[in-house]
Amino acid sequence: MSREPRTYILFLFLFLSHGMASHRVPDSRQDLYPLLQKMAEEIIDGSYLNALLDLIQFQSSHGWTADLSHRVLEYLNSRNVAFTIPSLQAAMENHLEQRLYQPQKLLEDLKETDAQQFRTAMKYLLEDKKDRLELEDVVIDLGEIRKQALQSPGVNRSLFLITLERCFQVLNSLECVEILGRVLKSSSGSFLQPDIPGKLPRHLQEDAFKNLSAVFRDLYDQTSAHSQRALYTWMTGILQTSSNATGEPRLKANLLDIATENQTLNETLGSLSDAVVGLTHSQLESLSPEAVHGAISTLNQVSGWAKSQVIILSAKYLAHEKVLSFYNVSQMGVLLAGVGTQAFYSMDRRDLLQVLRSTISLHVSDLSPAQQQGVLSKMIEAGDTVSGIVEIQGAFFKEVSLFNLRREPGFNTTVLKEKELRRSQPLRHPSPTPSSPGSLVLFSSTGHLVKGVTCSHIDAMNADSFLAHFHYFENNLSLLSPYQVNCLAWKYWEVSRSSLPPFLLAALPAHYLASVPASQCVPFLISLGKSRLDSLVLDTHKKNSVLRKVQQCLNNSIADEFMVDIVGDLLCHLPAATIHHGVSPRAWATALHRLRDCPHLSPEQKAAVRLRLLEQHGLPGNWTAETTKDLGPFLVLFSGDELSSIATKFPDILQQTASKMAGTLLPKEFLWAVFESVRNSSEKSLSSDPSPGCHGVVAPSSGDIFTLAEANACWAPEDLLCMEEHTFIRNVELLGSVRGFDQPQLMTLKEKAVQFWDMPSYWKEYHIVSLGRIALALNESELEQLDLSSIDTVASLSQQTEWTPGQAKSILQGFLEDAGYRIQDLKSFHLVGLGTTLCAMNITEVSLIKISEFRVVVARIGTLLCSTHVLAEFKRKAEVVFGDPAKWSGPVLQELGTIAAGLTKEELQMLDKDLMPYFQPSAIKCLPDEIFKELSAEQIASLGPENAAAVTPAQRRQLSVLQLQSLQRALDGAKTRSWLDTPPSANPTRTVSSASTLGAPSTWGLWLCCPLLVLMAETV
């Protein structure tokens, strides 16, 4: 990024060049302090780091005067060392490249410092108070240097290693431990290799030992098993105390069993602690409202409740309280999510205001979208929109509609601090461009407002303001769309391409990568390695161009662990050949640690990793337990046959590995290996009274189901059919979350629900909620039997996206009939709760939805992937809210989402090309092929990278050659205004102006380092 490490060399040079610009004094040696004389000798020797450390040491005990600069320069001249500006610049640049781009050179320099210099360096890393070093009118920002050094890839590793090697000999152990802690924070455990604990001193002060143990303990789970063994040996005294925790779960289970067997749940509920999560639906139903009320201080803090349990307990608590007030709600804690949407809407508005202002508001994020809309509807229905809106905090604020924001022209944007925003919301407000007075505070304190900065705002900024405040955009890069990043890149290229942050080159057309000279490969790699390449470059062809430049810079190889640090997340994108042959043995351990966190490795990359592991460790059957633990995340790369030996030798490790990867899509062969390991290691007890057809069948146990997680998808329907009642009831929610179940398995589980709960007409809300995906097996007739009078029940069903049109229609009609509503009676929170089932409406039904309710949930409806004719009808309703489509703005298009795909070809053609980036990608995908092809070439070229990447193959096939060329320009990030799209060989249009304090944007050549070229020119 653009504020990377500014090095010590810059400041030393400025100190010298300041003196060169001054008059000389006759006697250079007269009264020159020995330390400054030593510093001058180090400058002559090219030991610039040593010289800076001496300068810092001198400044800590002496005041700096103008004549000192002259005396040092005269001393240099007396030694016949005549520095010129260009020669000193060249020396500095060469040194910078060696130290910043080859961090191992920095490590060597630090090893060669004398004891006092090393002490100064360590103190400088440790010190937080004196952050600025002032030499007359030159200011050295030591705090910024320290901050950036600790964040710099490679340099951070050098500091870690030198601290281990020398610090404990120079500083006291507490200070060294603090430095190690700071450096390790950004390492993600990768620095802690098995040999590291052996380098620690064997005798430490008690406080230092505790502090360092705490640092290691925080990183323990991120380190390899071999490192863990070494750390464990070193930390044995502390870690022994944690062994008592392995009796705790068993103790809780025993406590629960005693309470249930003696039928004393109502009396002992408050003393069961978090063991109560093991209570079944029937046990919770048996509780009295008084018992729940008396134990609420315990129940409201328990973690791990299932949604169905929360529903039961909330109903019990509120049944006792009778009236829903602020006091009642404030006692509920984690049980707040069990309050019904209608109950929230029926609360007194003043009570709701108190809820949002109190600590219970922390649990509002646990509410469903329907529940949140129920709260929001009550907050704004009294006509005082502003007072209601300002109380909405965090992510909840995303539910506030564009319509309500537009109703309040005087809405003060400063209240948006700490609120999360949809992209259409900040677009509604006057954008806080840094060129406007007073907006910088708003920018820094309200990051989400950056989502509303348009390309027009960016283009309108003057060059100095843009460069001075670019870091506001950069600090919020994750909030920017690819189109905004593209606009920033073009603006930077226009005003100061010589200092363009390298990662922005990836947002420009691919041929601009040619402007990266070989000498600047390392800053290019560092910058790109810290960015999110997948979101920065969406086009496959362009990404390949970027990666070819990366490979060219790397020469298709990674030599050591320092280069792994420099490459960063780019490692996840390197081709299979580089992973297999280009990563050296020295770098492999560090590379492997980073590769395990890569979310989307290609099949070829996975195959390359697998081959490297086989070459290094042999077949999995020969692995040790520690090796198996270390390579756990990579077990998914191996075949079923290769995993069978792991399943036999180390079933616990295999199961732990699968547990850690819960929530990700895992290969079928891996899941089968996990399944077999659980089945082989679990107790095989047959039921004493098996169901018909289940004789000799080992039915799933609760332990098996819990351990298997997603591997439950490997159960045969016959096995599931033999599941006992207590097992099904205790695990139905977990089974309902398994994504891999196919239709026969879901049908079997539905049959078990009918067997144990009776026909669907008898099911309560918590039964339906607990089913999850199992509900997909209900046919239309069964869905019609359900009690769907509660919108919360319907909302739980609408979370599933695999309903057939017939099933969705049954849910919709069931709700209307059971709740006694007509379409025109539906409130905004009903529309949100109905979710995907809204797509089952016909156009007549859509037309009956009240505009007053539709307009406040447009953004929610705009997330639905409905049929074209339904979207077209929603679009007609949007016209009533927002007017003629020809006059729609960017915020409106953003708000509408997929509803914008209901535009006719005539309406689409009338849209200004500058509005094209404001379509959501989902809307582009939903546009019918025959409508999309009616866009002009100019409109297509203006789509922006993200929307261009959303164009489907079917849409693409309908385009003309000219339209396809425009699409490619959009994918490539080409500037829509051709006058600015100049060749990369063009000269910079301006240079960076100097600042009174150091830290201005750097030149391209030293982007990571310092603005030497510019500042030197100004000091002459």
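Here's what I pulled together on the structure shown here. Since the model is a prediction, treat every value here as computed from it, not as a measurement. Within any chain, residue numbers begin from 1 and follow the written order of that chain's sequence. Thresholds applied to this predicted model are a pLDDT of at least 70 for local features of residues and 80 or more for the giving and counting of side-chain atom pairs; totals over whole chains, interfaces and linings are not thresholded and use all residues. Hydrogens and waters are ignored; side-chain quantities use all the structure's heavy atoms.

### Here we look at the packing of aromatic side chains
Item 1. A pair of Phe, Tyr and Trp rings is counted when the ring centres sit within 6.5 Å of each other, with Trp represented by its six-membered ring. The angle between the planes then sorts it: under 30 degrees is stacked, over 60 is edge-to-face, the rest tilted. Taken as a whole and judged by the stated rule, the model has 17 aromatic pairs.
Item 2. Seen in terms of ring centroids, Phe466 and Phe470 are 5.8 Å apart; in terms of plane orientation they differ by 55°. Their pairing is tilted. This pair shows no difference in class: Phe466 is buried, exactly as Phe470 is.
Item 3. Residues Phe466 and Tyr492 carry aromatic rings whose centres are separated by 5.5 Å and whose planes lie at 75° to one another, so their mutual orientation is edge-to-face. Placement of the pair is Phe466 in helix 28 (residues 463–468) and Tyr492 in helix 30 (residues 482–496), with a sequence separation of 26 residues. Grouping residues by exposure puts Phe466 and Tyr492 together as buried.
Item 4. Among the aromatic residues, those joined into a cluster by ring pairs are Phe466, Phe470, Phe473 and Tyr492.
Item 5. Working rule: Lys NZ or Arg CZ, within 6 Å of ring centre, within 35 degrees of ring normal, means a charge sits over the ring. In this structure, Arg166 packs its charged tip against the face of Phe118, placed 4.4 Å from the ring centre.
Item 6. The residue whose ring lies beneath Lys378 is Tyr345, and the NZ or CZ to ring-centre distance is 5.1 Å. The classification of residues rests on relative accessible area computed with a 1.4 Å probe and restricted to protein chains. Under 20% of the type maximum is buried, over 50% is exposed, and intermediate values are partly exposed. Each helix corresponds to a stretch of at least 4 residues labelled H or I by DSSP, and each strand to a stretch of at least 2 residues labelled E; elements are numbered beginning at the N terminus.

### Overview of a negative patch on the surface
Item 1. A surface patch of negative charge is lined by Glu780, Glu784, Asp787, Glu817 and Asp818.
Item 2. Sorting the residues of the negative patch by element identifies helix 48 (780–785) and helix 50 (805–819) as the ones contributing at least two each.
Item 3. A residue is classified by how much of its surface remains accessible, and Glu784, at 52% relative accessible area, is exposed. Every patch collects residues that have over 30% relative accessible area and no salt bridge, joining them within 9 Å if they carry like charges and within 5 Å if they are nonpolar side chains (Val, Leu, Ile, Met, Phe, Trp, Tyr). The Shrake-Rupley method, run with a 1.4 Å probe, gives the accessible areas here. Residue values count only the displayed protein chains as cover. A side-chain nitrogen of Lys or Arg and a carboxyl oxygen of Asp or Glu constitute a salt bridge if their distance falls within 4 Å. His is not counted here, nor are the chain ends, while Lys and Arg score as positive and Asp and Glu score as negative. A single reference atom marks each charge: NZ on Lys, CZ on Arg, CG on Asp, CD on Glu.

### Description of the state of the cysteines
Item 1. Pairs of cysteine sulfur atoms within 2.5 Å are identified as disulfides in what follows. Under the criterion given, the structure shown has six disulfides.
Item 2. Paired through a disulfide, Cys455 and Cys487 show a sulfur-sulfur distance of 1.5 Å. Torsion about the S-S bond of the Cys455 and Cys487 cystine: about 70°, corresponding to right-handed handedness. Taken as a pair, Cys455 in helix 27 (residues 455–460) and Cys487 in helix 30 lie far apart in primary sequence, 32 residues in all. When sorted by exposure, Cys455 lands in the same class as Cys487, which is buried.
Item 3. The residue that forms a disulfide with Cys694 is Cys722, at a sulfur-sulfur distance of 2.0 Å. The chirality of the disulfide connecting Cys694 with Cys722 is left-handed, given an S-S dihedral of about -95°. Taken together, the residues Cys694 in the loop between helix 42 (668–681) and helix 43 (702–708) and Cys722 in the loop between helix 44 (717–721) and helix 45 (725–736) connect sequence positions 28 residues apart. Take Cys694 and Cys722: they sit in the same class, and that class is buried.
Item 4. Shown here for the protein chain is a disulfide pattern of 1-2, 3-4, 5-6, 7-8, 9-10, 11-12, where each number marks a bonded cysteine counted in sequence order.

### Examining the pattern of salt bridges
Item 1. Here the structure, examined in full by the defined rule, presents 30 salt bridges.
Item 2. Between Asp114 and Lys38 there is a salt bridge, with its nearest N and O atoms 3.1 Å apart. Of this pair, Asp114 sits in the loop between helix 6 (103–112) and helix 7 (115–126) while Lys38 sits in helix 2 (residues 34–45), and the two are 76 residues apart along the sequence.
Item 3. Residue classification places Asp114 among the partly exposed positions, given a relative accessible area of 30%.

### Overview of the nonpolar core
Item 1. In these notes, a set of buried Ala, Val, Leu, Ile, Met, Phe, Trp, Tyr and Cys residues joined through side-chain atoms within 4.5 Å is what counts as a nonpolar core. Ranked by internal contacts, the top residues of the largest apolar core, which has 226 residues, are Leu528, Ile558, Phe670 and Phe919.
Item 2. The contact rule is simple, with two residues in contact once any of their heavy atoms fall within 4.5 Å. Excluding anything up to four places from it in sequence, Phe919 contacts Leu893, Gln894, Ala900, Leu903, Leu908, Leu911, Ile924 and Asn947.

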